[in-house]
Amino acid sequence: MKTERFDFNEIVDQSHFFRQFSERFNLDPWRINDLETLWQVVTGKALPMPLEIDFVNLGKGQRRRYGALILLFDEAEEELEGQLRFNIK
């Protein structure tokens, strides 16, 4: 299982996360520009499954700020039934 870690000490905003995500998975940098297109990519066939996604260094304030992003990965984990693991460390 491939693991990708996203360090929120380095991520400055949601758009920056989208760019990092696209780079890590060799996606067109303009393909992901909002939560809806991220959902389509994560639940579609564009990513190497099985996959583990880790969010690290995500403080309490950042958890509120990125709540929709966290919820998206929580729901994708459930939708993909074991093909995606999502962790906050």
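Just above, that's the structure.
Let me sum up the structure you'll find in this document. (Residues numbered from 1 in each chain as written. Predicted model: local features only at pLDDT ≥ 70, side-chain atom pairs only at ≥ 80, totals over all residues. Heavy atoms only, no water.)

**Digging into a negative patch on the surface**
On the surface, Asp74, Glu75, Glu78, Glu79 and Glu81 cluster together into a patch of negative charge. Its location among the elements puts Asp74 in helix α4 (residues 67–79). (Patch = residues over 30% accessible without salt bridge, like charges linked within 9 Å, V, L, I, M, F, W, Y side chains within 5 Å. Areas by Shrake-Rupley, 256 points an atom, 1.4 Å probe, with all protein chains shown as cover. Salt bridge = Lys/Arg side-chain N within 4 Å of Asp/Glu carboxyl O. Lys, Arg positive; Asp, Glu negative; His and termini not counted. Charge placed at Lys NZ, Arg CZ, Asp CG, Glu CD. Helix = DSSP H or I, 4+ residues; strand = E, 2+ residues; numbered from the N terminus.)

**Side note on the packing of aromatic side chains**
Tallying each qualifying case throughout the model produces 15 aromatic pairs. Look at Phe6 and Phe21: their rings are 5.8 Å apart centre to centre, the planes differ by 20 degrees, and that puts the pair in the stacked class. Here Phe6, found in strand β1 (residues 2–7), pairs with Phe21, found in helix α1 (residues 14–24); they are 15 residues apart in sequence, far enough to count as distant. Each ring, one from Phe55 and one from Phe86, has its centre 4.9 Å from the other, and the planes form 90 degrees; the classification is edge-to-face. Placement of Phe55 in strand β2 (residues 51–56) and of Phe86 in strand β3 (residues 84–88) is noted, with a sequence separation of 31 residues between them. Relative accessible area serves as the criterion here: at 0%, Phe55 is assigned to the buried category. We classify Phe86 as buried; its relative accessible area is 8%. What links up through ring pairs into an aromatic cluster is the set Phe6, Phe8, Phe17, Phe18, Phe21, Phe25, Phe55, Tyr66, Phe73 and Phe86. Over the face of the ring belonging to Phe6 we find Arg24, whose NZ or CZ atom lies 4.5 Å from the ring centre. (Phe/Tyr/Trp six-rings, centres within 6.5 Å; stacked < 30°, edge-to-face > 60°. Buried < 20%, exposed > 50% of the residue type's maximum accessible area, 1.4 Å probe, protein only. Lys NZ or Arg CZ within 6 Å of the ring centre and 35° of its normal.)

**Notes on the environment of Gln40**
On the secondary structure map, Gln40 appears in helix α2 (residues 35–43). Since its relative accessible area comes to 47%, Gln40 is described here as partly exposed. For the pair Gln40 and Ala76, spaced 36 residues apart in the sequence, the C-alpha separation amounts to 9.9 Å.

**A look at the sheet that holds β3**
Backbone hydrogen bonds hold the strands of a sheet together, and the pairing may be parallel or antiparallel. Across the sheet, which stays open at both edges, the three strands sit in the order β1-β2-β3 with parallel pairing between neighbours. Sheet topology places β1 and β3 at the edges, where each strand pairs with a single neighbour. Along the sheet, successive strands turn relative to each other by an average axial angle of 15 degrees, direction set aside. Relative to β2, β1 runs parallel, the two sharing six bridges. Each bridged residue has a counterpart across the sheet, and for Thr3 the counterpart in β2 is Glu52. In the packing of α1 onto the sheet, contacts are made with β1 and β2, and the angle to β1 comes to roughly 155 degrees. Sheet strands touched by α4: β2 and β3. Its angle to β3, the strand with the most contacts, is close to 145 degrees. (Pairing = 2+ DSSP bridges. Axes fitted to C-alpha atoms, helices over the stretch in contact; angles between N-to-C directions. Contact = heavy atoms within 4.5 Å.)

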